[in-house]
Amino acid sequence: MTDDTYLWWKIAHIISMVTWMAGLFYMPRLFVYHALSVPSSTEYQLLKVMERRLLFGIMHPSIIMVFITGMVILPPWIEQIWMIAKLCLVGLLVICHLLCMHWRIAFVHDRNTHSHIFYRVVNEIPTVALIGIVILVVQKPS
Ligand code: HEM
């Protein structure tokens, strides 16, 4: 792969990770408002629509693109300690993504059991993972 091609894949990688992170930051925030509203309200039904569009319109396409672009540029770095540590944090973000899918379904069926405080705490996990990932990928500690 030429250096220029590599850089274009990395550009696509950074753009898709930004859109994925936007979804991982926003979905738990929507759950905070959802947990504070009552199932019979218009707001509660509107939040269902917003969560569905965020998941299928942004989060799913973004996670697919982050993985495709990341895998394409991975080979030169695959045995590096920082990349292994980074992929562990990426694993944490994937768990956040799957849990967002699970909690969204609970709201769809009016079966949410978590409080707005729970979702405020959950909202911090992607932030911590992102800080770790960016430090690792820029500093590349060996
Ligand atoms: C399967 C998942 C992923 C793989 C295999 C992967 C792999 C890579 C590789 C090989 C690079 C190029 C390193 C370089 O050229 O310096 C890179 C760059 C980068 N990755 Fe990932 N990545 C993944 C997911 C993520 C995620 C989830 C984030 C953020 C939340 C992320 C953030 C970044 C950033 C910011 C860069 C640019 C670093 C720079 O330009 O110095 N990556 N990634």
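Worth saying up front: this structure is predicted, and the values here are computed from it rather than measured.

K.L.:
Explanation requested: the coordination of the iron atom of the ligand in the structure shown.
P.N.:
For a metal bound by four donors in a tetrahedral arrangement, the ideal donor-metal-donor angle is 109.5 degrees, while six donors in an octahedral arrangement ideally sit at 90 or 180 degrees. The coordination sphere of the iron atom of the ligand contains the protein donors H13 (NE2) and K86 (NZ), at a distance range of 1.8 to 2.1 Å. Its six donor atoms give the iron atom of the ligand angles of 84 to 178° at the centre, a pattern that matches the octahedral case. Taken as a pair, H13 in helix α1 (residues 3–36) and K86 in helix α3 (residues 81–108) lie far apart in primary sequence, 73 residues in all. Classification of H13 by relative accessible area gives buried; the value is 13%. With relative accessibility at 11%, the residue K86 sits in the buried group.

K.L.:
Help me understand the site of the ligand in this model?
P.N.:
The local shell around the ligand holds 23 residues, among which Y6, K10, H13, K86 and K140 are the closest. Note that an oxygen atom of the ligand is positioned 2.6 Å from one of the side-chain N or O atoms of K140. Most atoms of the ligand, that is more than half of them, are within 2 Å of grid points of the largest pocket. If you list the elements that add at least two residues to the shell around the ligand, you get α1, α2 (42–73), α3 and α5 (125–139). Ranked by the residues each element gives to the shell around the ligand, the list is headed by α1, at seven residues.

K.L.:
Would you mind going over the layout of surface pockets with me for this structure?
P.N.:
One way to see where empty space is left: roll a probe the size of a water molecule over the atoms. Approximately 610 Å³ is the volume found for the largest pocket. Taken together, 26 residues form the lining of the largest pocket, with H13, I73, M83, K86 and V137 sitting closest to its centre. Secondary-structure elements contributing two or more residues to the lining of the largest pocket are α1, α2, α3 and α5. When grouped by side-chain class, the residues that make up the lining of the largest pocket number 21 nonpolar, two polar and three charged.

K.L.:
Can you help me understand unusual backbone geometry in this one?
P.N.:
Among all residues except glycine, the phi angle is most often negative; among peptide bonds, the trans geometry is most common. Here D110, not a glycine, exhibits a phi torsion of approximately 50°, which is positive. Position of D110 relative to the elements: it lies in the loop between α3 and α4 (116–122). In the Ramachandran plot, K140 falls in the positive-phi region, its phi being about 50° despite a non-glycine side chain. With respect to the element layout, K140 can be found in the segment after α5. Take K140: its relative accessible area is 29%, and that puts it in the partly exposed class.

Reading the values: rules and limits
- Residues numbered from 1 in each chain as written.
- Predicted model: local features only at pLDDT ≥ 70, side-chain atom pairs only at ≥ 80, totals over all residues.
- Heavy atoms only, no water.
- Donors = N, O, S within 2.8 Å, 3.2 Å for Na, K, Ca; no water.
- Tetrahedral: all angles 85-135°; square planar, octahedral: opposite > 155°, others 65-115°.
- Helix = DSSP H or I, 4+ residues; strand = E, 2+ residues; numbered from the N terminus.
- Buried < 20%, exposed > 50% of the residue type's maximum accessible area, 1.4 Å probe, protein only.
- Near = heavy atom within 4 Å.
- Polar contact = N/O pair within 3.5 Å; in protein donor to acceptor, adjacent residues only side chain to side chain.
- 1 Å grid on protein atoms, 1.4 Å probe; cavity = no way out; pocket = protein on both sides within 12 Å on 5 of 7 lines; lining within 4 Å.
- Sits in = over half its atoms within 2 Å of the grid points.
- Points joined across faces, edges and corners; volume = space filled by probe spheres on them.
- Nonpolar A, V, L, I, M, F, W, Y, C, P; charged D, E, K, R; others polar.

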